[in-house]
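Now for the letters of each chain:
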Amino acid sequence: MVTIRVIVTGAAGRMGREMTRGLLQAEDIAVVGAVDRQQAGADIGTLNGLPPAGVTITTDLAEVIAATRPQVMVDFTVAAAALANARIAVERGVSPVIGTTGISLDQLDELHQLCEDRQVGAVVAPNFSLGAVLMMHFAGEAARYFPRAEIIEMHHDQKIDAPSGTALKTAELMAARIKETPKLLPVEEKVAGARGATYQGLAVHSVRLPGAVAHQEVIFGGQGQLLTIRHDTTSREAFLPGLLLAMRKVNQCRGVVYGLENLLEL
Ligand code: NAD
């Protein structure tokens, strides 16, 4: 079995810790380095409730790359740091696999160019949850046959934005496949907002409740039938299989592949 040597940037963050924990337990992955501004000196095994891994968090990415010779850099930091980290990695022949959100299309273009120049593959995926990516894909397919649909997304009550990015992206995918938007009867809303928000011609409802994590259902209505496509994220572990898939495929990528869906045979 070929082992992939990987370093994790943002290793002390919520996602960085959860993903490092999973990577340490994957047979074909060797976590050889970890970078963060916090928790310098902490062992990445003990930090994550595992036996000591013999790898400690440090703060200088270029130094870690020089000392550990990784093939892949996994990044869960903040957008500005992720881009700077990716430049450092690509210039040293290391493939970035970036989960950090908020990278602009212009920045992606710049990174793509750098990757092409250096002949290094990269993956940028704002959502590594395979189930969420498939839910969006299936909703897009169903929208071709069921043009009447509504989206209900549910998240924990600490989430500050609504609707979720996933709900907006789902509506965009569906709207692109609906050939003719059916005419709807006007509804008299006795309470403002009773029919939810409208985005791309589709009703989107956002529920915020303690106890929820991240959930979405898309309900399609047709003659004499309802079709529901639903996805539930119950913990951050949901992101690990998609991350592993990207890490295993990144060396076959040319330039930047944006979105996990582009690594699946859909
Ligand atoms: P977090 O704040 O818990 O962790 C971020 C970590 O990055 C912190 O430990 C911070 O110290 C570190 N960091 C910041 N700047 C740095 C730098 N210049 N160098 C090194 N380390 C630096 O955040 P989080 O909840 O773990 O989320 C991280 C990112 O992942 C966010 O952009 C979030 O939206 C994204 N995210 C993506 C997915 C996905 O599936 N792609 C899933 C969940 C979260």
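Before any of the text, the structure's been laid out above.
Focus: the overall build of the chain
When helices and strands are counted, the chain shows 7 helices and 12 strands. Dimensions along the principal axes, computed over C-alpha positions, put the chain at roughly 65 × 40 × 35 Å. Within the chain, buried positions represent 45% of all 266 residues. When the accessible surface of the chain is split by element, carbon and sulfur atoms take 51% of a total near 14,100 Å².

So, the pairing of strand β11 (residues 225-233)
The sheet contact formed by strand β10 (residues 214-222) and β11 spans 9 bridges and is antiparallel. Looking at the pairing, H215 lines up with D232 of β11. If you look at the hairpin formed by β10 and β11, you'll find 2 residues sitting between the two strands, and G224 has a positive phi there, around 65°.

A short note on the site of the ligand
With respect to spatial proximity, 20 residues lie near the ligand, and among them M15, D36, Q38, T101 and F128 are the closest. In this structure, R14 approaches the ligand through a main-chain N or O atom, which is 2.9 Å from an oxygen atom. G99 has a polar backbone atom sitting 3.0 Å from a nitrogen atom of the ligand. Here the ligand loses 79% of its free accessible area of 870 Å² to cover by the protein chains.

Points about unusual backbone geometry
Residue P163 is reached from A162 by a cis peptide bond, and omega for that bond is -5°. Here P163 is to be found in the loop between β7 (148-155) and α6 (165-177). Non-glycine residue R69 carries a positive phi angle of around 50°. With respect to the helices and strands, the residue R69 is situated in the loop between α2 (61-68) and β4 (72-75).

Quick look at the environment of G140
For G140, the location among the structural elements is in helix α5 (residues 130-143). As a C-alpha pair, G140 and V191 span 51 residues in sequence and 31 Å in three-dimensional space. Here G140 is in contact with M174 and R177, once residues within four sequence places are set aside.

Description of the nonpolar core
Core analysis: the biggest nonpolar cluster contains 34 residues, and L23, I29, V74, V97, L243 and M247 have the highest contact counts within it. Mapped onto this core, the elements with two or more residues apiece are β1 (4-9), α1 (14-24), β2 (29-35), β4 and α7 (240-249). No other element matches α7, which puts 5 residues into this core. In terms of nonpolar packing, the next biggest core, distinct from the first, is built from 17 residues, M135, I151, V204 and F220 among them.

Some remarks on the pattern of salt bridges
A complete count under the given rule lists 9 salt bridges for this structure. A salt bridge links R87 to E110, with the shortest nitrogen-to-oxygen separation between them at 2.9 Å. In this pair, R87 sits in helix α3 (residues 79-91) while E110 sits in helix α4 (residues 105-118), placing the two residues 23 residues apart along the sequence. One network of salt bridges, in which partners are shared, links E217, R230 and D232.

Details of the sheet that holds strand β6 (residues 122-124)
An order of β3-β2-β1-β4-β5-β6-β12 is seen for the 7 strands of this open sheet, with the pairing classed as parallel. Of all strands in the sheet, those with a lone pairing partner are β3 (57-58) and β12 (256-258), marking the two edges. Of the pairings in the sheet, the one linking β1 to β4 comprises 4 bridges and is parallel in character. Note that in β4 the partner of V8 across the bridge is V74.

Description of the pairing of β10
Judged from the 8 bridges that link them, β7 and β10 form a sheet pairing that is antiparallel. Looking at β10, one finds that I152 is bridged to E217.

A short note on the sheet that holds strand β9 (residues 202-208)
Read from one edge to the other, the open sheet built from 5 strands follows the order β8-β9-β7-β10-β11, with strand pairing classed as mixed. The open sheet terminates on both sides in strands that have one partner only, identified here as β8 (197-199) and β11. Averaged over all pairs of adjacent strands, the angle between strand axes in this sheet comes to 25°, irrespective of strand direction. Where β7 and β9 come together, 6 bridges link them in parallel fashion. Within β9, the residue paired with I152 across the bridge is H205. Relative to β11, α5 is tilted by about 165°, and along the sheet it contacts β10 and β11.

Analysis parameters
Residues numbered from 1 in each chain as written. Predicted model: local features only at pLDDT ≥ 70, side-chain atom pairs only at ≥ 80, totals over all residues. Heavy atoms only, no water. Helix = DSSP H or I, 4+ residues; strand = E, 2+ residues; numbered from the N terminus. Buried < 20%, exposed > 50% of the residue type's maximum accessible area, 1.4 Å probe, protein only. Areas by Shrake-Rupley, 256 points an atom, 1.4 Å probe, with all protein chains shown as cover. Pairing = 2+ DSSP bridges. Near = heavy atom within 4 Å. Polar contact = N/O pair within 3.5 Å; in protein donor to acceptor, adjacent residues only side chain to side chain. Contact = heavy atoms within 4.5 Å. Core = buried A, V, L, I, M, F, W, Y, C linked by side-chain atoms within 4.5 Å. Salt bridge = Lys/Arg side-chain N within 4 Å of Asp/Glu carboxyl O. Axes fitted to C-alpha atoms, helices over the stretch in contact; angles between N-to-C directions.

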